Each structure stands twice: as structure tokens, then as C-alpha cells.
Amino acid sequence: MPEIQNPRQFVSWFRHSSPYINAFRGRVFVISFDGEAVMDEGFADLIHDIALLHSLGIRLILVHGGRPQIEQRLRERGATIEYRNGLRITDEAAIECVKEAAGAVRVQIEALLSMGLANSPMAGARIRVASGNLVTARPLGIHDGVDYKHTGVVRKIDVQAIQQRLDDNAIVLLSPIGYSPTGEVFNLSAAEVASSTAAAVKAEKLVSLVEAPGLRDSRKRLIRQLTIAEAESLLARKRKASGDLYTHLQHALNACRRGVRRAHIISRRTGGAVLLELFSRDGIGTMVTSDTYEGRQQATIDDVGGILALIEPLENKGILVKRSRELLEAEIDHFTLVKRDGAVIACAALYPFPQERAAELACLAVDPDYWGSGYAQSLLEHVERKALQQGIHRLFVLTTQTLHWFQERGFRVTEARQLPVKRQVLYNYQRKSKVWSNRCRPSPMSVATTQNALLTAPPSTRRAATGSCPRPGVCPLTGPAHPRRRWRSQLRRCCRCPG
Ligand code: ARG
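Calculation criteria
Residues numbered from 1 in each chain as written. Predicted model: local features only at pLDDT ≥ 70, side-chain atom pairs only at ≥ 80, totals over all residues. Helix = DSSP H or I, 4+ residues; strand = E, 2+ residues; numbered from the N terminus. Buried ≥ 20, exposed ≤ 12 C-beta atoms within 10 Å, placed from the backbone. Contact = placed C-beta atoms within 7 Å. Pairing = 2+ DSSP bridges. Axes fitted to C-alpha atoms, helices over the stretch in contact; angles between N-to-C directions. Near = placed C-beta within 6 Å. Nonpolar A, V, L, I, M, F, W, Y, C, P; charged D, E, K, R; others polar. Expected span 1.5 Å × (residues − 1). Left-handed = near helix turned anticlockwise from the far one by under 90°. Bend = angle between axes of the 7 residues up to and from the residue.

**Some remarks on the overall build of the chain**
- A tally of regular secondary structure across the chain gives 17 helices and 25 strands.
- Burial status across the chain gives 36% buried among its 499 residues.
- Within the chain, residue pairs in contact and separated by at least 24 positions form 66% of the contacts whose partners lie at least 6 positions apart.

**Here we look at the sheet that holds strand β23 (residues 434–439)**
- With mixed pairing, the 7 strands of this open sheet are ordered in space as β17-β18-β19-β20-β21-β23-β22. Looking at strand neighbours, the two that pair on one side only are β17 (294–298) and β22 (412–414), the edges of this open sheet. Looking at each pair of strands side by side, their axes are set apart by 30 degrees on average, direction ignored.
- Where β22 lies against β23, 3 bridges are found, and the strand directions are antiparallel.

**Quick word on the site of the ligand**
- The local shell around the ligand holds 14 residues, among which Arg224, Gln225, Leu278, Gly283 and Met287 are the closest.
- Of all the elements in the fold, those that place two or more residues in the shell around the ligand are α10 (273–278) and β16 (286–289).
- Split by residue class, the shell around the ligand holds 3 nonpolar, 5 polar and 6 charged.

**With respect to the sheet that holds β16**
- The strand order across the open sheet formed by 8 strands is β5-β10-β2-β1-β13-β15-β16-β14, and the pairing between neighbours is mixed. Edge positions in the sheet fall to β5 (128–130) and β14 (225–227), since each of these pairs with one other strand and no more. Mean inter-strand twist for the sheet, computed between neighbouring axes without regard to direction, equals 20 degrees.
- Pairing geometry for strand β1 (residues 28–33) and strand β13 (residues 205–210), over 5 bridges, is parallel. What sits directly across from serine 32, in β13, is serine 208.
- Along the sheet face, helix α3 (residues 43–55) touches β1, β2 (59–64) and β10 (170–174) and points at about 155 degrees away from the line of β2.

**Observations regarding helix α9 (residues 244–257)**
- Here α9 is 14 residues long and its end C-alpha atoms lie 20 Å apart, about the 20 Å a rise of 1.5 Å per residue gives.
- By the burial criterion, the buried members of α9 are Leu245, His248, Leu249, His251, Ala252, Leu253, Asn254, Ala255 and Cys256.
- Its buried side turned inward, α9 meets α7 (190–200), β13, α8 (228–237), β15 (262–267) and β16.
- Downstream of α9 by a residue or two, glycine 259 has a phi angle that is positive, lying close to 110 degrees.

**Brief notes about the pairing of β13**
- Across the 6 residues of β13, 6 count as buried, placing the element largely inside the fold.
- What you see with β13 is no split at all: Lys205, Val207 and Leu209 on one side and Leu206, Ser208 and Val210 on the other are buried throughout.
- Strand direction decides the pairing type here: β13 and β15, joined by 6 bridges, are parallel. Across the sheet, the residue bridging to lysine 205 is arginine 262, located in β15.

**Remarks on the packing of α8 against α9**
- Put simply, α8 and α9 touch, their axes get as near as 10 Å, and they point 145 degrees apart. Here the hand of the crossing between α8 and α9 comes out left-handed. Here Ile228, Ala231, Glu232 and Leu235 of α8 lie close against α9, whose contacting residues are Tyr246, Leu249, Gln250, Leu253, Cys256 and Arg257.
- Each residue belonging to the contact of α8 with α9 can be placed in one class, and the counts come to 7 nonpolar, 1 polar and 2 charged.

**Things to note about helix α1 (residues 7–24)**
- The end-to-end C-alpha distance of α1 is 25 Å, a good match for the 26 Å that 18 residues give at a rise of 1.5 Å each.
- The axis of α1 is deflected most strongly, by about 35 degrees, at serine 17, and proline proline 19 appears within four residues downstream.
- By the criterion of burial, α1 is predominantly exposed, with just 1 of the 18 residues buried.
- Looking one or two residues beyond α1, the residue adopting positive phi is glycine 26, at roughly 85 degrees.

**Here we look at unusual backbone geometry**
- Although it is not a glycine, lysine 149 sits at a positive phi angle of roughly 55 degrees.
- Here lysine 149 shows up in the loop between β8 (146–147) and β9 (152–157).
- The exposure class assigned to lysine 149 is buried, which follows from the 20 C-beta atoms found within 10 Å.
- Its identity as a non-glycine residue notwithstanding, cysteine 363 has a phi of 55 degrees, on the positive side.
- With respect to the element layout, cysteine 363 can be found in strand β20 (residues 358–366).
- Exposure remark for cysteine 363: the 23 C-beta atoms within 10 Å place this residue in the buried category.

Next comes the structure, spelled out in C-alpha cells:
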């Protein structure tokens, strides 16, 4: 094993992956890869990573493709290669090539999985591979006058047989081939076989290794995760977009709709892509989820450990005041969290002083890995909304080191004696925190909604609907309500705000 260059990073990475190791044991993962991946010189590494997953107790079903292998055989025979709507028209010559290519690729994968070489990551591993007539298919038929011949679609997956082989501790290997009750053989899409199998066996995950790094948004940034609804709307917007990536997204979506918890689309070109995606919180590709991967929620007593882990480094640096476990347990109801895959990555607490119609925003913290991602801002907005609902008009914070952040968000310095009386008693003069105060204001979103609701209301109510402009430092009227200010919902700013 090569020398560990950065031991701390290694240890931290290993520790962070342990929740996943535990969560994945005994679960079924379907992993698909195309024929190009099999031809790549890095394929042995992928197989080693697959063997590692197997040794961690993950029940694996592999689905391989074979397009380049089929085409090579067709070319050798001088036969025509014909595609329509992204699907091969499989004539007699082509189905022979499909059978040959599938057989060759399967044997290659079985051989690699049988390798137990000393000094390789597979040393000592004895892996059994099981294949067979596990997929039943039917012909795709004739569409728009095109006869697809031996190209088929999945009709049924033999779930019981697959489960038996998995119970036997074997890795199930499926080719993109299906059999019919009349003894015919059909050429199938590997992506469809993988997605249908994942849904049929109720797999935990469908992992598709593709040529691209994942899906990108309109600004070419990698889309890291999508809910089912988001994936649906992305596909609806890209209705005309063809190409393998969207086909994979459609299959990922189908699998999630049919009960697979997470479907991952990752690059086969990145070394260790499977490990990076599965054993890190943020992954490296695009994930479609049917569960809540990330969300804001009210903290419960079970979150105390996570909050402590998040705030302790900040307490040690003196950014936050020390809080004991007992105190956190007693005050847990005041906390709102952002959780990502079960881990607390941001928190904020709201302590109301109802008599003064004021509240303290405290313990606003974000995991350093996620700094600059907007979590603090969204928690601040959430806490402001929550405060407004409780009839609170003034939010204050006590801070020593994050002055500018609050200043940029419209907080202004006030005296400690302007704190609610009960809070003044607790004020720690040694810490010399500055007190910043802000008028609670609805976020632009909620103002816009209220505005719409109030368009039909009498003028007196309408006046009340004017909100503070969310552009502190730019808008001359930001601050206390101004009688001449009107909210312009479409522009999301007030009538006096320049820009
Ligand atoms: N490792 C986790 C999992 O396998 C999370 C992966 C997150 N991936 C992403 N592309 N956002 O479920």
C-alpha cells in the first residue's frame, strides 16, 4: 500500500465514511456501466472497487452494456449499423453480434472478479458471480413504421432467483439481453435492465456509471441532487434533449418513482468514482432521491450530538459561547437545523422575549465545508419569519467576530442596555460582545405572496402590506417603515430603491 501522504485527511475521511458503511451493509445496489467502461484500461480498478463494496456486505447486481463490442463485430462482418430514435434496429446479423459481445463481456467481467492476486486490492477475496435467464423480454415492435426486429423491452425480472443468488453471497451479473417464453433472444438497453431490476428487487440504490461527470444546469454547474419532482421538471424542460445522459436520468427517475431510494449518475472516467459517490456526504455526481436528502427542520433531542459536533470548533475559537450538553438538551426546542444526509450542517436558535416583542438569534453556525453556500442566510430568513409569526418585531444578536456579516444584512449596533431586561442580566461584559439589532421583516418571497393576497383588499390593508426593502445599504428607505414606500412585488424591491 502506498504511503499515506496526509494521515489526518485519511483518518477523517475514513471516519466520515463509517455511517455509510453501516447503512449500506445488507442493502441491494444495482450498478450499471456501458461497454466503453469495459474496454477502458481503468476497468480493473472499477472491478476492484466493486469487490470492495461486496466485501462490505453490500448485495450487488451488475449490469453491463456492450455497444462498442457489438459494433466492432458488425463492422468485422461488413454488416450495417442502424439506429432509430437512439435504439438499435437489431436484425439477424446484429442479434448474433449482440449474443457474442454479451458472452465475451460477461466472461471478461467474471475473470476479473475471480482474480485473487496477492498484492492487489482483491487479495484473499473469493467472489462468486451468478448470471442466467433472469430477464424476460418482449419485442419492442413496430413504431412509426420502423420495425425494431430483435430489439426488445423488459417484461419481467425474476426477483426470486436474483434474491436467492444474493442470499448465496454471489454478485449477480446481468447482460443487456432478455429471453422470451417462446425461446427468442432480445437485445435490450442496459440502462433499462438496470432500472427495471432495481425497481423489481426494491434496491436501495441504482448507480449508473456514464461518460459525462453528471447533469449540468443552465450555467454549466454540476447538479448534485434532484428530488423526483425536480428531475421530472428538468426532463419536461429538456423534452427534446436526447442523448445518453437524459436517458439515464429518465431511468433513474423511473427507478425512484418505483421505490428505489436513491439513483446516482456518476462519471466512469473519474478514478474511484463509485467510492467517492457512495462514501462521502456530497458525492461527485448527480443523485436523484425519493427521500429527504437535505432539509431544514426543528431540532429534537436526538440532534444534540450533531449540534455539539458542529459548534464545538467555533466555541473553541471563541466565535460562539460555550454550551454544555445539558443546556443544549434543555433548550433544544429553540433550535432550527439544516441537515444533509442525517448530519447537522447548520443551526440557529431563536430565544423570544415576548414582553419586549424581541428575540435573540443565537448560535448561528455552519459547517466550514459548506461556508459560502447560503445556509446562514436561509436560516436567518427562516428565523425572521418564525419571529414575525410569534408577533416579534425586533431581532438582536450578540456577536464578537461576525460583525460584518450581520451589518451587511441590515443589523445596526445598539447598546447593551437596550436588550430585554432579562437578557441584560445575563450579558457577559467580559466577552464584550457587540449587540446588533434588526427590525424583523418578511423575506421578499413572503412579501410578494402577501402582496398578491392583498391586491383585492381595502386600501388601508394594502398600505400595511409594504415591506422593508431587502437591499440594505442600497435602498434609502431600508429600516423603519416609511409612509411613502410601496412594495414592487415583481421587482422584489421598494419603489424608492435604486437599481
Ligand atoms: N454518499 C451518500 C449516498 O451514497 C450521498 C451521496 C450524495 N451524492 C450527491 N451527488 N449529492 O447516498
